[in-house]
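Architecture at a glance
Residues per chain are reported as follows:
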Amino acid sequence: MGTRLIEQAFVCPICGRSFTAKVVESVTHQGQDSDFYPHYIGDNPLPHFLVQCKECFYCAYPDDFFTDHNSVPGLKMNQIQEILNQPIAKKIPQEGLRFFLAGKLYEIQKRNPYLIGNLYLRGSWCCRLAQDRRAEIELQQLSVKFLRESVERTTISNPDNVAIVTYLVGEIYRRLEDKNLAREWFKTVEENLVDPEQQQWLLELTRNQAELNEHFIN
Ligand SMILES: [Zn+2]
C-alpha cells in the first residue's frame, strides 16, 4: 500500500547528460476530488511522474527520455530557459512548474492536446496541494483549453474517455466560476457516452456537479 518509487537511470535527449531519478512504480489512492485528483495514500507521487534533467532542465514523462539524442522533434535547449523565464513561470510553485514546463514543451512539439491538457491538470493539482489558488487557476485555464480542444478535434484515442473528458472540461469551467461554459459542457456528457450502463457513475457525478454549478458559489 502507498506510493512506491524506484530509482532509474536516464540520459537527457536534449543535452546528453546521464543521471538517475526516482520514478513511480505504483500508487494507491482512496477517493478523489471532482476533477479526478486522487487522494493518494502515503507519499505524494505527483513530483515523481515527471523526470527533469539536472543540467538543461528538460522535463517530461520517463518514457520521453528513451529517445535518441537530438531526436526530440522541434525542441532546442534555449527554449527550455525561455519558458522558465516567462513571468507566469515565476508565479507557479516548484512542483506545479515542472508540469507547466513539460506542458509547454509538449506544445512546442505539437503533441496530442489531450496529453498537454493532462500535464496542466496535474500541475493544477500540485498548486492546490501547495494552497496556491492563483497558480492553480493559471494551470486550470491552460488545462481546460487543451482538454476542450482534444474533445472538439477528437484526439482522444480511447472512446470511453470522451465522455469523461467532456465532464472534466465542464468541471474545470465550474471551478473557474464560468457557469455558462460549465453548463454547456455538462449538458453534452450524456450524448458522448459509449456505454451508459458502465458509465452510470459519470452521469451521476455530472448531475451532482451541474447542480452545484447552478446553486452554489465555489
Ligand atoms: Zn538535459
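**Some details on the overall build of the chain**
Of regular secondary structure, the chain possesses eight helices and six strands. Sequence-ordered secondary structure for the chain, helices as α and strands as β, is β-β-β-β-β-β-α-α-α-α-α-α-α-α. Since a compact globule built from 218 residues should have a radius of gyration of about 17 Å, the 18 Å found for the chain is in line with a globular shape. In terms of principal-axis extent, the alpha carbons of the chain reach across some 50 × 40 × 35 Å. For the chain, the proportion of its 218 residues judged to be buried stands at 34%. The long-range fraction of contacts in the chain, counting pairs at least 24 apart against all pairs at least 6 apart in sequence, stands at 60%.

**Focus on helix α5 (residues 133–152)**
Helix length check: α5 (20 residues) gives 28 Å between terminal C-alpha atoms against 28 Å at 1.5 Å per residue, within 8%. Positive phi shows up at T154, right after α5, with a value of about 45°.

**Some details on the environment of F57**
Along the chain, the position of F57 falls in the loop between β5 (51–52) and β6 (59–60). Accessibility expressed as a C-beta count within 10 Å gives 17 for F57, which makes it partly exposed. Through-space distance from the C-alpha of F57 to that of I80 is 7.0 Å; in sequence the pair is 23 residues apart. Leave out the neighbours within four places in its chain, and F57 touches Q52, I80 and L84.

**Here we look at helix α3 (residues 94–108)**
One turn of the α-helix equals 3.6 residues, which is why residues spaced by three or four share an orientation. Over its 15 residues, α3 extends 21 Å from the first C-alpha to the last, a length consistent with the 21 Å expected when each residue adds 1.5 Å. Among the 15 residues of α3, 11 are classified as buried, and the element is accordingly described as predominantly covered. For α3, the full list of buried residues reads G96, L97, R98, F99, F100, L101, A102, G103, K104, L105 and Y106. Lining the buried residues of α3 we find β5, β6, α1 (77–84), α2 (87–90), α4 (113–129) and α5. After α3 finishes, the residue K110 shows a positive phi value of roughly 55°.

**Considerations on unusual backbone geometry**
A positive phi angle, close to 70°, is found at F36, a residue other than glycine. Relative to the elements of secondary structure, F36 occurs in the loop between β3 (29–32) and β4 (38–40). Given 14 C-beta atoms within a 10 Å radius, F36 is considered partly exposed.

**Section: the confidence of the model for the chain**
In this model, the chain carries a mean pLDDT of 93, and residues with pLDDT of at least 70 account for 97%. Mean pLDDT values over the elements of the chain span from 94, in β3, up to 98, in β5.

**A short note on the pairing of strand β2 (residues 18–26)**
In this sheet, β2 lies alongside strand β1 (residues 4–11) in antiparallel orientation, the contact comprising eight bridges. The partner of I6 across the bridge, within β2, is V23. With antiparallel pairing between neighbouring strands as the criterion, β1 and β2 make up a hairpin whose turn holds six residues, including G16 at a positive phi of roughly 85°.

**Here's the deal with the packing of helix α6 (residues 160–175) against helix α8 (residues 200–215)**
The N-to-C vectors of α6 and α8 enclose an angle of 20°; their axes lie 11 Å apart at closest approach. As judged from the angle between their axes, α6 and α8 are roughly parallel. Where α6 crosses over α8, the handedness of that crossing is left-handed. Contacts between α6 and α8 involve A163, I164, Y167, E171 and R174 on the former and, on the latter, L202, L205, T206, Q209, L212 and N213. Classifying every residue of the contact of α6 with α8 by side-chain character gives six nonpolar, three polar and two charged.

**Regarding the nonpolar core**
Of all hydrophobic cores here, the largest spans 49 residues; its most connected members are A60, A102, Y120, L147 and V169. Secondary-structure elements contributing two or more residues to this core are β6, α1, α3, α4, α5, α6 and α7 (179–187). Dropping the residues within four chain positions of it, L147 is found in contact with Y114, G117, V165, L168 and V169.

Conventions adopted
- Residues numbered from 1 in each chain as written.
- Predicted model: local features only at pLDDT ≥ 70, side-chain atom pairs only at ≥ 80, totals over all residues.
- Helix = DSSP H or I, 4+ residues; strand = E, 2+ residues; numbered from the N terminus.
- Rg over C-alpha atoms; globule rule 2.2 N^0.38 Å.
- Buried ≥ 20, exposed ≤ 12 C-beta atoms within 10 Å, placed from the backbone.
- Contact = placed C-beta atoms within 7 Å.
- Expected span 1.5 Å × (residues − 1).
- pLDDT = per-residue confidence, 0-100.
- Pairing = 2+ DSSP bridges.
- Axes fitted to C-alpha atoms, helices over the stretch in contact; angles between N-to-C directions.
- Parallel < 35°, antiparallel > 145°, perpendicular 65-115°, else oblique.
- Left-handed = near helix turned anticlockwise from the far one by under 90°.
- Nonpolar A, V, L, I, M, F, W, Y, C, P; charged D, E, K, R; others polar.
- Core = buried A, V, L, I, M, F, W, Y, C linked by C-beta atoms within 7 Å.

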